[in-house]
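One letter stands for each residue in the lines below.
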Amino acid sequence: MNEIIKEKTMQAVSVLNELDIDLWITFVRETSAGGDPVLPIIYGRDLTWQSALLISKTGERIAIVGGFEEDTAVRTDAYNTVIPYHQSIQPHLLEVLNRLDPQTIALNYSADDVYSDGLSVGLHQVLLAMLKDTPYANRIISSEKIISALRGRKTPTELLRVKAAIDSTSIIYDKMFNFVKAGMSEIEIAQQMRKFVDEAGLDTAWESDHCPTVNAGAETPAGHVSPTGTQLKPGELLHFDFGVKQDDYCSDIQRVAYLPSDEHPTPSPELDRAFSTIVKAIQNAVKAIKPGVKGKDIDAIARETLAQEGYPEFMHALGHQVGRQAHDGGAIIGPLWDRYGDTPNWPLEVGQIYTIEPSIIDPDLGVIALEEMILVTETGAEFLSQPQTEWIIL
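Residues numbered from 1 in each chain as written. Predicted model: local features only at pLDDT ≥ 70, side-chain atom pairs only at ≥ 80, totals over all residues. Heavy atoms only, no water.

Colleague: Looking at this structure, I do not really get the packing of aromatic side chains. What am I missing?
Modeller: Enumeration according to the criterion identifies eleven aromatic pairs in this entry. Ring geometry for Tyr173 and Phe240: centres 5.8 Å apart, planes at 80°, overall edge-to-face. Of this pair, Tyr173 sits in helix 7 (residues 156–179) while Phe240 sits in strand 9 (residues 236–242), placing them 67 residues apart in sequence. Accessibility classification places Tyr173 together with Phe240 in one group, the buried group. Pairing Phe179 with Phe196 gives two aromatic rings, centres 6.4 Å apart and planes at 85°, and the pair type is edge-to-face. With a gap of 17 residues between them, Phe179 in helix 7 and Phe196 in helix 8 (residues 186–199) connect regions that are remote in the sequence. The class of Phe179 is partly exposed, set by a relative accessible area of 28%. By way of ring pairs, the aromatic residues Tyr173, Phe177, Phe240 and Phe242 are connected into one cluster. Positioned above the aromatic ring of Tyr115, the side-chain terminus of Arg151 is 4.2 Å from the ring centre. The ring of Phe314 is capped by Arg303, whose NZ or CZ atom sits 4.1 Å from the centre of that ring. (Phe/Tyr/Trp six-rings, centres within 6.5 Å; stacked < 30°, edge-to-face > 60°. Helix = DSSP H or I, 4+ residues; strand = E, 2+ residues; numbered from the N terminus. Buried < 20%, exposed > 50% of the residue type's maximum accessible area, 1.4 Å probe, protein only. Lys NZ or Arg CZ within 6 Å of the ring centre and 35° of its normal.)

In structure tokens form, the structure reads like this:
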């Protein structure tokens with residue numbers, strides 16, 4: 001990870017200059033008990049004592065850490081100054097702040113983005129107490145724009161890792177489509193899929209009890225749920241939601257297949273119409289993506305596509321970012337619902353990777369949903385996953 005950590009800390013300097021923020025501080029302690037979500041991409045290891053990782057728009061990258069972690073901090077090769085301490089971090093932190101005299105200091109709190117909200121209330125109070133009687137306590141702002149840019153704008157190394165995860169996901173899907181037979185339960189199908197993951201030396205992109213999510217026919221619950229004992233029958237669809245984590249980066253892709261029956265060797269007109277509408281919604285949304293567009297506007301395009309065909313709106317965002325996690329925070333492609341805060345208003349940026357995943361959940365047909373992964377480019381968007389545009393026949 002050292003290569004990525006160096007890339008991301010240098011990238012942070014550029015982001016600070018772009019946003020005209022003087023200094024960004026990540027303040028942590030005992031991170032093995034639940035560390036700041038940004039730590040893996042700017043440090044890559046746990047920290048024990050109170051520690052401050054400071055990145056300045058001047059290019060200085062300073063790590064103030066406990067004395068026993070000095071060597072580890074140096075070995076990251078991401079910080080040009082490492083300051084060890086033994087009794088108190090406060091005098092060292094204040095010395096650096098007095099020297100830099102930042103007019104704006106970004107800390108990791110956010111009302112809308114979970115990955116920018118790593119500074120606990122208690123540790124925030126500790127830091128404010130350290131800054132008492134200094135001007136710096138009044139110069140604090142949220143770092144959410146910094147972290148959103150840092151997590152979202154993939155470096156070349158990060159992009160290669162995501163692409164590798166997507167390739168591995170496609171291979172496992174192909175194996176599964178050749179494996180599935182009539183009469184298999186969702187549990188049996190999921191167990192075999194996880195076996196393929198294990199054989200590849202990979203991890204699932206989220207908790208393995210519902211990665212993959214498997215929906216056989218129309219009678220099983222949709223969403224983030226574990227597979228059931230429901231058996232796949234001829235004449236039914238089979239829906240998957242699945243991804244892998246490979247070299248710390250994730251994929252997240254949905255596919256839908258059909259098991260022929262003697263009576264219905266091909267999907268019914270109702271199934272086929274729903275499937276075609278989902279494909280059309282994805283294509284319409286992706287064509288409209290370009291840097292600077294707000295996620296809510298892309299989401300609206302997909303919803304309108306479904307509405308024009310008489311389908312109800314889906315009860316989730318059209319897309320989320322993917323990176324070190326399957327749901328990687330920051331801006332989303334979604335509606336302005338309370339649960340998403342202001343993130344649907346955040347503009348899409350070059351280098352971000354999103355899913356595009358409209359769905360039709362019909363009590364008589366099942367879950368008709370596809371999920372593709374796209375990269376925002378300078379001129380629009382490109383598919384990273386090979387989009388499914390036709391039924392997969394089992």
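There's plenty left to go through after this.
Colleague: Where do I start with the pattern of salt bridges in this structure?
Modeller: If the charged atoms of two oppositely charged side chains come close together, the side chains can form a pair. For the coordinates displayed, the defined rule picks out 15 salt bridges. Asp22 serves as the salt-bridge partner of Lys57, at 3.2 Å between the closest nitrogen and oxygen. Residue Lys57 is located in the loop between strand 2 (51–56) and strand 3 (61–66), and its partner Asp22 is located in the loop between helix 1 (2–19) and strand 1 (23–28); the two are separated by 35 residues in the primary sequence. Overall, Lys57 belongs to the partly exposed group, its relative accessible area being 25%. Residue classification places Asp22 among the buried positions, given a relative accessible area of 17%. (Salt bridge = Lys/Arg side-chain N within 4 Å of Asp/Glu carboxyl O.)

Colleague: Explanation requested: the packing of helix 1 against helix 6 (residues 144–152) in the structure shown.
Modeller: Helix-helix packing is characterised by the crossing angle of the two axes and by the distance between the axes. Axis separation between helix 1 and helix 6 bottoms out at 10 Å; the angle between their running directions is 135°. By the angle between their axes, helix 1 is oblique relative to helix 6. Remark: the crossing between helix 1 and helix 6 carries right-handed chirality. When helix 1 is examined against helix 6, the residues Lys8, Gln11, Ala12, Val15, Leu16 and Leu19 are found in contact with a partner set consisting of Lys145, Ile146, Ala149 and Leu150. Residues belonging to the contact of helix 1 with helix 6 are distributed by class as follows: seven nonpolar, one polar and two charged. (Axes fitted to C-alpha atoms, helices over the stretch in contact; angles between N-to-C directions. Parallel < 35°, antiparallel > 145°, perpendicular 65-115°, else oblique. Left-handed = near helix turned anticlockwise from the far one by under 90°. Contact = heavy atoms within 4.5 Å. Nonpolar A, V, L, I, M, F, W, Y, C, P; charged D, E, K, R; others polar.)

Colleague: Looking at this model, I keep getting lost on the environment of Arg29. Mind explaining?
Modeller: Note on placement: Arg29 falls in the loop between strand 1 and helix 2 (39–42). Since its relative accessible area comes to 38%, Arg29 is described here as partly exposed. Taking C-alpha positions, Arg29 is 14 Å from Ala73, a pair spaced 44 residues apart along the chain. With residues near it in sequence (within four places) discarded, Arg29 still touches Leu47, Thr48, Trp49, Gln50, Gly122, Leu123 and Val126.

Colleague: Help me understand the sheet that holds strand 9, please; the structure alone is not making it clear to me.
Modeller: Backbone hydrogen bonds hold the strands of a sheet together, and the pairing may be parallel or antiparallel. Read from one edge of the open sheet, four strands run 8-9-12-18, paired in mixed fashion. Two strands bound the open sheet, and with one partner strand each, they are strand 8 (213–216) and strand 18 (392–393). Alignment of strand 12 (residues 253–259) against strand 18, held across two bridges, turns out to be parallel. Bridged to Tyr258 within strand 18 is Ile393. (Pairing = 2+ DSSP bridges.)

Structural measurements only, silent on function.
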